[in-house]
Amino acid sequence: MYKATIFVTLKESVLDPQGVAVKGSLHTMGYSEVSDVRIGKRLEVSLDASSQAAAEEAVTLMCQKLFSNPVIEDFRFELEEV
Amino acid sequence: MIEPTAEQIRDQELYKEMGLTSEEYEQVKGHLGRLPNWTEVGIYSVMWSEHCSYKNSKPLLRKFPTTGPRILLGPGEGAGVIDIGDEQAVVFKIESHNHPSAVEPFQGAATGVGGIIRDVFSMGARPVALLNSLRFGELDSSRVRYLFDNVVSGIAHYGNCIGIPTVGGEVFFDNAYDGNPLVNAMCVGIINHKDLQKGVAVGVGNPVIYVGASTGRDGIHGATFASEELNESSEEKRPAVQVGDPFMEKLLLEACLEMVEQNMLLGIQDMGAAGLTCSSAEMAAKGGQGLDLNLDLVPQRETGMTSYEIMLSESQERMLLVVEKGREAEIMAICDKWGLQSAVIGQVTDGNQYRLFQHGELVADIPVNTLVDDAPVYVREEKVPTYYVENESVDPTDALANIDANEAIEKILQSPNMASKKYVFQQYDYMVRTSTAVRPGSDAAVVVIRGTEKALAMSTDGNSRYVYLDPVNGGRIAVAESARNVVCSGAEPLGITDCLNFGSPEKPEVYWQLSKAIDGMSEMCEVLQTPVVGGNVSLYNETKGQPIYPTPVVGMVGLIEKREHITTQAFKQNGDVLILLGDTAIELGGSELQQAYTATIAGRAPILDSGKEKALQQAVLTAIRQGLVQSAHDVSEGGLALAVAESCISGNLGAKIQVETDYDPTLYLFSETQSRILLSVSKDKVEELVQTMEQFHVPAQVIGQVTEGNLEVHVNDQLVIDRSVAQLTNHWEEAIPCKMTASSTSTN
Amino acid sequence: MRFAVVVFPGSNCDMDLVHAIEDVLGEEVNPVWHHESDLSSYDAILLPGGFSYGDYLRCGSLARFSPVMEAVKKEAEAGKLVVGICNGFQILTEAGLLPGALMRNDHLQFRCEIEPISVEKADSAFTMHYEQGETVQIPIAHAEGNYFCDDETLQRLEASGQILFRYAGKNPNGALANIAGITNEKGNVLGMMPHPERAIVDWMGSPDGARLFTSMLAYWKENHAS
């Protein structure tokens, strides 16, 4: 059994209005040292796979097909055997 | 957690933590003939909470008129039902979600909307519109801005996603609500008479079916929480917050209505406040039957849940059904189509026992009538508050001399209470279902009924400043104003649902406010023939011992016979004649002018004469049906000055007003005397309109005309207001966005 | 002309579209459950607004895998008219039938209002009853209508006349180049954020959306005039 922790974020080139708003709030609160905030999603997926490599391949495909939209988002993930 | 034994509950008085008093605990012992166990104490405590039993308000609620020729179903079921002809009826109810919204505004408001929608479709009705009534502290506080923003987006989130338009409502800001915001949500549905459902369990041996989301440990004891005062520990004490899933509810809605259409259900009830406990116990009690439930069969989201937790969970988007034995498969098939889980969890039994089984053991065994019919009832002590006595001698005009009317109109248009609420309603999808004929911002919202010429008008109202200063008149005004709004849109008022938001009934002054407000409301409902068909009571709205303003919110529904009668407040055409109906006195207690210039309220609220009100409403409805009226607008907060300004702004036209008075011009223009309506009428219809008003003995005074210029007001031939409508519009539209962007709040 | 309105779990403008087709055109229109795998008997396919699958993960991302979407692709390739409105537009971009993506509104709020929309191209199957450059009033109601694509795609959209509608007033959501509606290269698949079905008679606030449907019928008749 493997557990994949997947992070999906907007591409660097894409404006993240939520991040901008949160940065604004932080500045209002006095955290002027904050220069950037980016918000993304974190998914936890538990799956069966024959090997680490097979799990990696499966999760990559899931990310490409469903978890992220390549037009606007990037993804990365961490995989651990549990 | 290891549950306390029955003896520990008794010896350590653990029942008190759940909200039962010692006397109530003794009554429970009497009903059972033994000591109650943990689950049973939990069940009694929620069933006997104010939220479920109305134990503090029942004797007062009996004063409301609840019957009438059109009333098909009054209070008692999920929602009230009123006949609208053609074998159709309107189903509606308002309910509070104040306490949950105070601690988690987004989800609190969202699940409030979800709950009231279930109340309506569990009657078999198709929900067609949502409204709300919101109260917050002043927007200068960042906490208030956070609450306001998140409540609004929570409402938007739920209503928009499920696809029911949020067509109207009101938002009011006052320090009285600083620590205790009010979130009241109303849902209106339409039903064919033959589809009307009931929340009953009948027929021995018939299965009880659970449909919808799984049960988790969220919201345990929410109904009890809602029946206590908020304090510093509320944040910690709060039950795990329920998270609304409007997508799940959309599926549940479609599935249930499909079952209704195919006539499959004997009984159906929402699992709302007090969850599985309240729904199943009420269904059994109403059906005069016993009930056996096997809790092992209840779909559960978490492992190791105790019977106490399963019974008291307030997980959302769940429905309980009773069907004829043998039809289980049909129900399951519909649930499968909509991707919903369902399970037979018990059956209707002979007798009166409410029995719960878990892991093969009997975990609760209660005479069901004692949960519902034998809940305690308290008549509390009433006492006239000192402030009320002191206000007798206050003349509000003393502090309001020599105010420039130009300045006053700008100031009041920018008060968040009078300013445009576009910031709010542009976040609501008010057009989905393509039936919305009058969008938010007029006196009442109007939704057409497809396939007929008819439409429904609806509004929520309740001026709590008036109720605070004078509960009887304030109560009358709450009902009268909501009816007036509906009449101004061309509808005949049919009936009301009400949400009574008050402080602690254990305080004699608060109980007096509640009692008197109900007197005033009842009288007005009698006179206008708009019975109370349902609603909700929310008590203990206090922070740090300070009660909110007494706030009865009235949700009114009216019937428009023909689409051509639909009328709005906006001026329509240059040259139309302006007619003010009703008499104007100087009544400024609790007025916008008083609040704007003294930052407080004092004196007496305006007096409402119910006979005059009735005549006015009948006269205006008659005139609208005769085709004499271009626009109609209730003259209320801010008086004649604001009524004219609002009609100018919404019509993007100007007006020239000329009036005579012996009073100070500003006081005259901003006086909030009741039972007045501002009409615009085309020139050739003025004579006929005046005749109609004479028939009803309603004073009608020509006060000016619609123009394409400024808003100009002349009092005794002196120009006292002269402002461009564009400029006023700008002030009015920018006031709330300005306050909100002054310092941005957090996102959700 | 036969219209299909695809119903996903969570769609909520499906019946509004059905009513609009009935009221404006009086042509045959059927709601089609998302399990359907054959749409060949229909002349036009409409994907309605709403929150398919709760819009969880990303708007339209789960609906894209509904069985019916294979059939929608097939009919689109066959040249049938396909329109995605609001959530339907989001589904079409997720499914790759239209380029780009719809992101969260730049101000982060849901926005519901009647918007001025300019008709950028009046010789399409969907706009032949509008005037070139005309500004019409059509409502929007969304939280994720902020159209985005890369520069290259935008240039291609502009160059090949695929942009049918732009916001003509203040940009309500941050959409790139004020884009409110685009077609595929062939011009038979349209995605738009504004809701034409909510603007078909005066009491709704505007009748301007009706001509989108009459255009489709006229186009179909032209191509089936036998």
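None of these values were measured; they are calculated from a predicted model.

1. So, the packing of helix 17 (residues 405-413) of chain B against helix 24 (residues 639-651) of chain B
Residues and elements named next belong to chain B.
And step 1. Packing of helix 17 against helix 24 brings their axes to within 11 Å, and their N-to-C directions diverge by 65 degrees. Helix-helix and strand crossings are classified by hand; for helix 17 and helix 24 the assignment is right-handed. Residues Ile 409, Ile 412 and Leu 413 of helix 17 form the contact with helix 24, whose participating residues are Ala 641, Leu 642, Ala 645 and Ile 649.
And step 2. Of the residues that constitute the contact of helix 17 with helix 24, the class distribution is 7 nonpolar, no polar and no charged.

2. Structural notes on the domain arrangement of chain B
Residues and elements named next belong to chain B.
And step 1. Under the domain assignment, chain B is made up of domain 1 (65-372) and domain 2 (386-419 + 567-741).
And step 2. Listed as interface residues are 9 residues of domain 1 and, on the opposing side, 6 residues of domain 2.
And step 3. With both sides pooled, the region where domain 1 packs onto domain 2 buries about 690 Å², and carbon together with sulfur makes up 59% of that total.
And step 4. By the criterion of area lost to domain 2, the three top residues of domain 1 are Leu 139, Arg 145 and Phe 173, representing 52% of everything that side buries.
And step 5. For Lys 739, the salt bridge identified is with Asp 140, shortest N-O distance 3.0 Å.
And step 6. When contributions to the side of domain 1 that touches domain 2 are tallied by element, the ones reaching two or more residues are helix 8 (142-162) and strand 5 (166-173).

3. Quick notes on unusual backbone geometry
Trans peptide bonds make up most of the peptide bonds, and negative phi angles are found at most residues other than glycine.
All names here are of chain B.
And step 1. The backbone of Ala 599 shows a phi angle near 60 degrees, a positive value even though the residue is not glycine.
And step 2. Considering the arrangement of structural elements, one finds Ala 599 in the loop between helix 22 (592-598) and helix 23 (610-625).
And step 3. The exposed category is assigned to Ala 599, whose relative accessible area is 63%.

4. A short note on the pattern of salt bridges
And step 1. Applying the stated rule across the entire model yields 50 salt bridges over all chains.
And step 2. Shared partners join several salt bridges into a network, and the residues in it are Lys 41 and Glu 73 of chain A together with Arg 58 and Glu 94 of chain C.

5. Observations regarding the packing of aromatic side chains
And step 1. One pass over the full model with this rule turns up 18 aromatic pairs over all chains.
And step 2. Seen in terms of ring centroids, Phe 247 of chain B and Tyr 56 of chain C are 6.0 Å apart; in terms of plane orientation they differ by 90 degrees. Their pairing is edge-to-face. Placement of the pair is Phe 247 of chain B in helix 11 (residues 246-261) and Tyr 56 of chain C in the loop between strand 3 (44-47) and helix 2 (68-77), with the two residues belonging to separate chains.
And step 3. Classification of Phe 247 of chain B as buried rests on a relative accessible area of 14%.
And step 4. Take Tyr 56 of chain C: its relative accessible area is 34%, and that puts it in the partly exposed class.
And step 5. An aromatic cluster of three or more residues is present, and its members are Phe 172, Tyr 177, Tyr 387, Tyr 468 and Tyr 549 of chain B.
And step 6. The aromatic ring of Tyr 597 of chain B is capped on one face by Lys 411 of chain B, whose charged end is 4.8 Å from the ring centroid.
And step 7. Over the ring of Tyr 388 of chain B we find Arg 604 of chain B; its NZ or CZ atom is 3.8 Å from the centre of that ring.

Rules of the game
Within each chain, residues carry numbers counting from 1 in the order of the written sequence. Labels follow written order: the first chain is A, the first ligand is 1, and so on. Totals for whole chains, interfaces and linings use all residues, but because this is a predicted model, local features are given only for residues with pLDDT of at least 70 and pairs of side-chain atoms are given and counted only at 80 or more. With hydrogens and water excluded, all non-hydrogen atoms of the structure serve as input to the side-chain values. The angle between two axes is taken between their N-to-C directions and runs from 0 to 180 degrees, where each axis is a line fitted to C-alpha atoms and a helix contributes only its stretch in contact. In this description a helix means any DSSP run of H or I spanning at least four residues, a strand means any run of E spanning at least two, and both kinds are numbered starting from the N terminus. Left-handed describes a crossing whose near helix is turned anticlockwise from the far helix through less than a right angle; right-handed describes the clockwise counterpart. Residues are treated as being in contact if the distance between any of their heavy atoms lies within 4.5 Å. Gly is placed with the polar residues, together with every amino acid not listed as nonpolar (Ala, Val, Leu, Ile, Met, Phe, Trp, Tyr, Cys and Pro) or charged (Asp, Glu, Lys and Arg). Segmentation into domains, and thus their bounds, comes from an automatic or database assignment. The buried area of a pairing is the accessible area, by a 1.4 Å probe, that goes missing from both parts when the two are put together, added over both. When a carboxyl oxygen of Asp or Glu is within 4 Å of a side-chain nitrogen of Lys or Arg, the pair counts as a salt bridge. With a 1.4 Å probe rolled over the protein chains alone, any residue whose accessible area is under 20% of its type maximum counts as buried; one over 50% counts as exposed, and the rest are partly exposed. Only the six-membered ring of Trp is used, alongside the rings of Phe and Tyr, when aromatic pairs are assigned; centres must lie within 6.5 Å, and planes under 30 degrees apart are stacked while those over 60 apart are edge-to-face, with the rest tilted. Distance and angle both matter: a charge sits over a ring if NZ of Lys or CZ of Arg is within 6 Å of the ring centre and within 35 degrees of the ring normal.

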